[in-house]
Amino acid sequence: MADELIKPDELLSQIDHRPSGAGWMDTPLDIRKGMYCYASNPKSVATLGLPYARPWNPLEEDWKLPENWQEIIYEGFRERLEKFRSFKVFMDICVRCGACADKCHFFIGTGDPKNMPVLRAELLRSVYRNDFTTAGKILGRLGGARPMTLDVLKEWWYYLFQCTECRRCSVFCPYGIDTAEITIMGRELLNLLGLNIDWIATPVANCYRTGNHLGIQPHAFKDMLDFFVDEIEEVTGIKVDPPYMQKDADILFITPSGDVFADPGTYTCMGYMLLFHYLKEKYDLNITWSTYASEGGNFGFFTSHETMKRLNSKMYAEAKRLGVKWILGGECGHMWRVITQYMDTMNGPADFLEEPVNPITGTTFENAKSTKMVHIAEFTADLIKHGKLELDPGRNDNQIVTFHDSCNPARGMGLLDEPRYVLENVVNHFYEMPAGTIREQTFCCGSGAGLNAGENMELRMAGGFPRANAVKHVHDNFGVNMLACVCAIDRAAFPASMEYWVPEVDVTGLHELVANALIMPGEKERETDLRGEPLPGMEE
């Protein structure tokens, strides 16, 4: 964590939710370090085929914009209003009731009124009124309209990249306005001028080049799984043998690359490998990995509809090439939002695959009838429900666990009960956070939608405060020491957030806990969990 990051008490003391005396249009923009991500690398912008690739610095006055940048924004705005009816509706129907105002983790954590979802959307709406409504053209500022100026453009960039597109605000909106969609549209407009952040543009460019966000070559992907094979053997005595690009396998498995290369996601990845080996040994189920479709995550979702569509398509191209029946997806957030809410419109339906049926239990996953893709939490919950896994939850007795509903699987696809069912069968000590902070109303990690960088750590800690505060509640009352989740971004973001706010709590993926509890055929007596920590009773 950055040395210059202020202490938690100092960060809390500077939060002030009281409105200032000035109107929001008259409040000057202050782009300050710790609250924004670096500008995108020109090479990455060029790789994506986006216009105006160039070096620029958000702190400098000159952003090196094209001369006709206002015309570009106007035309881009007009095209999206015509193409996306929901966007036009969202621009028109907000009555600024404020129901969403205190629901955003960034407003709660910063006190900045422009982080209220209603006002963040108003940054775009004000320009919409000025350029596309009669009332706005006549009334001007009295009607909430303002022209597109350089200061307005910079304000767009600063605050649209202080939104994690988590959609918590939409849960409370009486009109169902999806502010995340407005953020997506605003970011698309900024991309027309080459204004992105590097933590988004470079991972997407890496996906274009090598198939995953981290730019890992196929041999390095395999080398990492081979390393896990050795680690698993040391813990269990079992030599797993993950297949790659196996033609006519039953299922293609795809997970975010963060699970393969970033702790603590690596232990989740080992959990997948142990589970698949178990299913092969006991039920002869063939699940294959791919070094081509080596990324389930979709940072294109944070860039534009077009890049989202392209990155989603590669998973289905590989499934078709290999001739599998359907796709099993790992613990990821934005992968599942894209699959559940956008797949059918962008790339689907995937009629070349079969409607997913669990060949071990006979369960038909009807929710995946069109997408042909099943979340591994659903899959594992189904196996447990039918008694197909031998489990010893006592192996996780050192862990007092709470569960974070990752925003996109929870709000985006309704994955609420399955992870909890799995947890209740693999751990003995599980406690829920307060009701208003979980399930559909879950708070965000504060680092999603491409904000999980190192240079914006103050923003991340401020945005992560509401979730950390709920974790602290169950830690103080029940002794919780482990935060479980089903999202690779969460597993990457929460360690820093927990270290900052609740240092006694660690972070895990769901299937790390599954693997700890799973009694493998032919295993040696286990003395440690996947992290090498002694199991209960094995401390000596």
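Remember, it's a predicted structure, so these values are computed and weren't measured experimentally. (Residues numbered from 1 in each chain as written. Predicted model: local features only at pLDDT ≥ 70, side-chain atom pairs only at ≥ 80, totals over all residues. Heavy atoms only, no water.)

Caption draft 1: Expanded view of the overall build of the chain. Within the chain, the secondary structure is distributed over 23 helices and seven strands. A compact globule built from 540 residues would reach a C-alpha radius of gyration of about 24 Å, and the chain, at 24 Å, matches this within 12%. Dimensions of the chain, computed from C-alpha atoms along their principal axes, come out at roughly 75 × 50 × 40 Å. Within the chain, the fraction of its 540 residues that count as buried is 60%. (Helix = DSSP H or I, 4+ residues; strand = E, 2+ residues; numbered from the N terminus. Rg over C-alpha atoms; globule rule 2.2 N^0.38 Å. Buried < 20%, exposed > 50% of the residue type's maximum accessible area, 1.4 Å probe, protein only.)

Caption draft 2: Examining the packing of helix H8 (residues 150–160) against helix H10 (residues 179–191) more closely. Two elements in contact, H8 and H10, have axes separated by 10 Å at closest approach and are oriented at 130°. Put simply, H8 runs oblique to H10. Like other packed secondary-structure pairs, H8 and H10 cross with a definite hand, here left-handed. On the side of H8, the interface is formed by Leu153, Trp156, Trp157 and Leu160, while H10 contributes Thr183, Gly186, Arg187, Leu189 and Leu190. In the contact of H8 with H10, the residues fall into six nonpolar, two polar and one charged. (Axes fitted to C-alpha atoms, helices over the stretch in contact; angles between N-to-C directions. Parallel < 35°, antiparallel > 145°, perpendicular 65-115°, else oblique. Left-handed = near helix turned anticlockwise from the far one by under 90°. Contact = heavy atoms within 4.5 Å. Nonpolar A, V, L, I, M, F, W, Y, C, P; charged D, E, K, R; others polar.)

Caption draft 3: Fine view of the environment of glutamate 331. Looking at where glutamate 331 falls in the secondary structure, it is placed in the loop between strand S3 (326–329) and helix H16 (334–341). Look at glutamate 331 and you get buried, because its relative accessible area is 0%. Separated by 178 residues in sequence, glutamate 331 and glycine 509 have C-alpha atoms that sit 7.6 Å apart. In this structure the side chain of glutamate 331 is engaged in a polar contact, spanning 3.1 Å, whose partner is the backbone nitrogen of leucine 510. (Polar contact = N/O pair within 3.5 Å; in protein donor to acceptor, adjacent residues only side chain to side chain.)

Caption draft 4: The arrangement of the state of the cysteines in detail. The final tally for this structure, using the stated rule, is zero disulfides. Free of any disulfide, cysteine 332 has its nearest neighbouring cysteine sulfur in cysteine 487, separated by 5.7 Å. Sulfur of cysteine 485: no disulfide; nearest cysteine sulfur belongs to cysteine 487 and is 6.7 Å away. (Disulfide = S-S within 2.5 Å.)

Caption draft 5: Structural context of the pattern of salt bridges. Counted under the stated rule, the structure contains 33 salt bridges. A salt bridge links arginine 78 to glutamate 75; the nearest nitrogen and oxygen atoms lie 2.6 Å apart. Of the two residues, arginine 78 and glutamate 75 both sit in helix H3 (residues 69–83), three residues apart, roughly one turn of that helix. A salt bridge links glutamate 523 to arginine 526; the shortest N-O distance between them is 3.0 Å. (Salt bridge = Lys/Arg side-chain N within 4 Å of Asp/Glu carboxyl O.)

Caption draft 6: Region of the structure containing the packing of aromatic side chains. The final tally for this structure, using the stated rule, is 26 aromatic pairs. Note on phenylalanine 253 and tryptophan 289: the rings are 5.0 Å apart at their centroids and 75° apart in plane angle, and the pair reads as edge-to-face. Placement of the pair is phenylalanine 253 in strand S1 (residues 251–254) and tryptophan 289 in the loop between strand S2 (287–288) and helix H15 (305–322), with a sequence separation of 36 residues. As far as the burial class goes, phenylalanine 253 and tryptophan 289 line up, both buried. A network of ring pairs unites the aromatic residues Tyr74, Phe77, Phe87, Tyr128, Phe132 and Trp156 as a single cluster. Above the ring of phenylalanine 172, the side-chain terminus of lysine 103 is found at 4.9 Å from the ring centroid. Against the face of phenylalanine 443 rests arginine 168, its NZ or CZ located 3.8 Å from the ring centre. (Phe/Tyr/Trp six-rings, centres within 6.5 Å; stacked < 30°, edge-to-face > 60°. Lys NZ or Arg CZ within 6 Å of the ring centre and 35° of its normal.)

Caption draft 7: Quick peek at the pairing of strand S7 (residues 506–509). Pairing of strand S6 (residues 482–485) with S7 involves four bridges; the strand directions are parallel. Bridge assignment links methionine 482 to a residue of S7, and that residue is aspartate 506. Viewed along the sheet, the connection from S6 through helix H22 (residues 488–501) into S7 turns out right-handed. (Pairing = 2+ DSSP bridges. Right-handed = clockwise from strand over helix to strand, strands pointing away.)

Caption draft 8: Just the sheet that holds strand S5 (residues 401–403), in detail. Sheet architecture is open: three strands sit in the order S5-S6-S7, paired in parallel fashion. A strand with exactly one partner marks an edge of an open sheet, and here the two such strands are S5 and S7. Sheet twist, expressed as the average angle between the axes of neighbouring strands with direction ignored, equals 35°. Across the sheet, helix H23 (residues 510–517) touches S5, S6 and S7, and the angle it forms with S7 is around 80°.

Caption draft 9: Looking closely at the side chain of aspartate 250. Tracing the backbone through its elements, the reader meets aspartate 250 in the loop between helix H12 (218–236) and S1. A polar contact of 2.9 Å, which involves the side chain of aspartate 250, links it to the backbone nitrogen of asparagine 286. Contact partners of aspartate 250, with chain neighbours within four places excluded, come to Asp284, Leu285, Asn286, Val324, Lys325 and Trp326.

Caption draft 10: Looking closely at the side chain of threonine 361. Locating threonine 361 in the fold gives a position in the loop between helix H17 (343–346) and strand S4 (373–375). You can call threonine 361 buried: its relative accessible area is 17%. For threonine 361, the side chain forms a polar contact with the side chain of threonine 363, separated by 3.1 Å. One polar contact links threonine 361 to aspartate 382, side chain to side chain, over a distance of 2.5 Å. Ignoring sequence-local partners within four residues, the contact set of threonine 361 consists of Asp382, Leu383, His386 and Lys388.

Purely geometric stuff here, so don't read any function into it on its own.
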